[in-house]
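One-letter residues, chain by chain:
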Amino acid sequence: MEGVRPGGGAPAGGPGSGSGSGSGSGSGSFPSLFPPGLHGIYGECRRLYPDQPNPLQVTAILKYWLGGPDPLDYVSMYRNLGNPALNVPEHWHYVSFGLSDLYGDNRVHEFTGTDGPSGFGFELTFRLKRETGESAPPTWPAELMQGLARYVFQSENTFCSGDHVSWHSPLDNSESRIQHMLLTEDPQMQPVQTPFGVVTFLQIVGVCTEELHAAQQWNGQGILELLRTVPVAGGPWLITDMRRGETIFEIDPHLQERVDKGIETDGSNLSGVSAKCAWDDLSRPPEDDEDSRSICIGTQPRRLSGKDTEQIRETLRRGLEINSKPVLPPINAQRQNGLNLDRAPSRKDSLESESSAAIIPHELIRTRQLESVHLKFNQESGALIPLCLRGRLLHGRHFTYKSITGDTAITFVSTGVEGAFATEEHPYAAHGPWLQILLTEEFVERMLEDLEDLNSPEEFKLPKEYSWPEKKLKVSILPDAVFDNPLH
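Residues numbered from 1 in each chain as written. Predicted model: local features only at pLDDT ≥ 70, side-chain atom pairs only at ≥ 80, totals over all residues. Heavy atoms only, no water.

The protein chain has the name Suppressor of fused homolog in an unreviewed UniProt entry, where Anthoscopus minutus is given as its organism. Per UniProt, the comment on the protein chain under Sequence similarities (unreviewed entry) is "Belongs to the SUFU family." (UniProt positions renumbered as here; feature names shortened; annotations may be inferred.)

If you want it as structure tokens, here you go:
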């Protein structure tokens, strides 16, 4: 539940807090009412918008630290005049308050010192093209930012520049083609050093489905650079225009050639996704449940251990960054909780259940070599298999599917990946519910030929099955309902 109010009317501690007179100067007015972490972010906003000391805000009525559902205390909304010389149009600029540590008293984020990140280390921003005659900023971007913040708080997966977010719905709930997001550094806001650590600013950029797919197949940074070259699709400041009706590839068909060349040269930087997936060990009789490590739709899988969870999370995190070395994190890596080594270990790992360690101790899980496996994906996840093979494995890298409905994980590895427990001699290996599959370059090329119709999923009906008997490997593309209702 949120309310919109001028900044000067915010509660004590808000960006415009004080007497409500609109002075809002911050540093000199009411320091006792102005939390230092919030003050640092507000100072950067004042640097950009000295004539807007009390912007409109969307504020959480019941704060997250009091049990409310919205992690962001505030979202400030500024009017930016753009830069005509750079062909940057006038737009609304949204800035979040709450992903970083605003208060320093452990009410939301545990204070870990001034040298590392403050809270999650970043705040979100968004630039929305101002429509002609629009006198006030739309408030829907604030709810969009709250949705992304909820994901960060619940999963503890932080964002970084180049990340993509599959949203599968118009960002403003209209009929717009802008249905997904990329993230990049805000072009104007500089990192801020607060008493509770450093805060950077990541800008949300709305993109079409075709642009999201290009980012998945190549990398987010490459697509962001292309968007900067097309004024109506973002321009140098990457401003989102919800009325944009054409993709950058429709506006300039030559851009697709740049993406294709980039994939061929660089491969894909995406090395992991959350997905609807499962796997079966076909080499074990179904009735043999003793010490079973297979994952089967309709059965309760073994839980991932904490250390496996850390490795898979690191694999997924690396999928959102540029990977220079095709190395899986060692399975016995000693890392603190979460994705950030500097983060305090107070937050619980989102992929590990509270009782996972008690269910099956890590030391008792042995790696098993499997003779035959059956992989199961929903249509969206299956459509990424060619990307996994062509953009990752043929470039000596790895790719991980992590189930969003359980502890299942499937990692494809090439022969050049170090740290894998699957080998050329035993290409299928499982560690608890985590399966690794090693594929040779020759087999990858053959699979790409056989899986060619996955590039046009609208042309085939589900379920769809692919099989390589001599490799003892089977892949099924199944309806979502199989994963949503595993007991049916």
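A. Focus on the environment of P117. Assignment of secondary structure puts P117 in strand 5 (residues 117–129). For the pair P117 and F196, spaced 79 residues apart in sequence, the C-alpha separation works out to 7.8 Å. (Helix = DSSP H or I, 4+ residues; strand = E, 2+ residues; numbered from the N terminus.)

B. The pairing of strand 14 (residues 398–403), seen in detail. The buried fraction of strand 14 is high, at 6 of 6 residues. Burial of strand 14 is two-sided: the residues H398, T400 and K402 facing one way and the residues F399, Y401 and S403 facing the other way are all buried. Pairing of strand 10 (residues 272–275) with strand 14, which is carried by 4 bridges, proceeds in the parallel orientation. Within the sheet, the bridge partner assigned to A275 lies in strand 14 and is S403. Strand direction decides the pairing type here: strand 14 and strand 15 (residues 409–413), joined by 5 bridges, are antiparallel. (Buried < 20%, exposed > 50% of the residue type's maximum accessible area, 1.4 Å probe, protein only. Pairing = 2+ DSSP bridges.)

C. Representation of the sheet that holds strand 11 (residues 277–281). A sheet is described by the order of its strands in space; here 4 strands give the open sequence 11-13-19-18, paired in mixed fashion. Of all strands in the sheet, those with a lone pairing partner are strand 11 and strand 18 (464–468), marking the two edges. Here the average twist between neighbouring strands, direction ignored, is 15°. As paired strands, strand 11 and strand 13 (residues 373–378) are joined by 5 bridges and run antiparallel to one another. Residue pairing for strand 13: W279 is matched across the bridge by L375. This element, helix 11 (residues 441–450), spans strand 18 and strand 19 (473–478) of the sheet and lies at about 150° to strand 18. (Axes fitted to C-alpha atoms, helices over the stretch in contact; angles between N-to-C directions. Contact = heavy atoms within 4.5 Å.)

D. Quick look at the side chain of T247. With respect to the helices, strands and loops of the structure, T247 is situated in the loop between helix 4 (220–228) and helix 5 (248–251). Discounting chain neighbours no more than four positions away, the residues touching T247 are R177, C208, E210 and E211.

E. Representation of a negative patch on the surface within the structure. A surface patch of negative charge is lined by E441, E445, E449 and E452. Along the chain, E445 falls in helix 11. (Patch = residues over 30% accessible without salt bridge, like charges linked within 9 Å, V, L, I, M, F, W, Y side chains within 5 Å. Areas by Shrake-Rupley, 256 points an atom, 1.4 Å probe, with all protein chains shown as cover. Salt bridge = Lys/Arg side-chain N within 4 Å of Asp/Glu carboxyl O. Lys, Arg positive; Asp, Glu negative; His and termini not counted. Charge placed at Lys NZ, Arg CZ, Asp CG, Glu CD.)

F. Inspection of the environment of R366 at higher detail. Along the polypeptide, R366 turns up in the loop between helix 8 (356–359) and strand 12 (367–369). Given the relative accessible area of 44%, R366 is considered partly exposed. Once the C-alpha coordinates of R366 and H431 are considered, the two residues, 65 residues apart in sequence, prove to be 6.3 Å apart.

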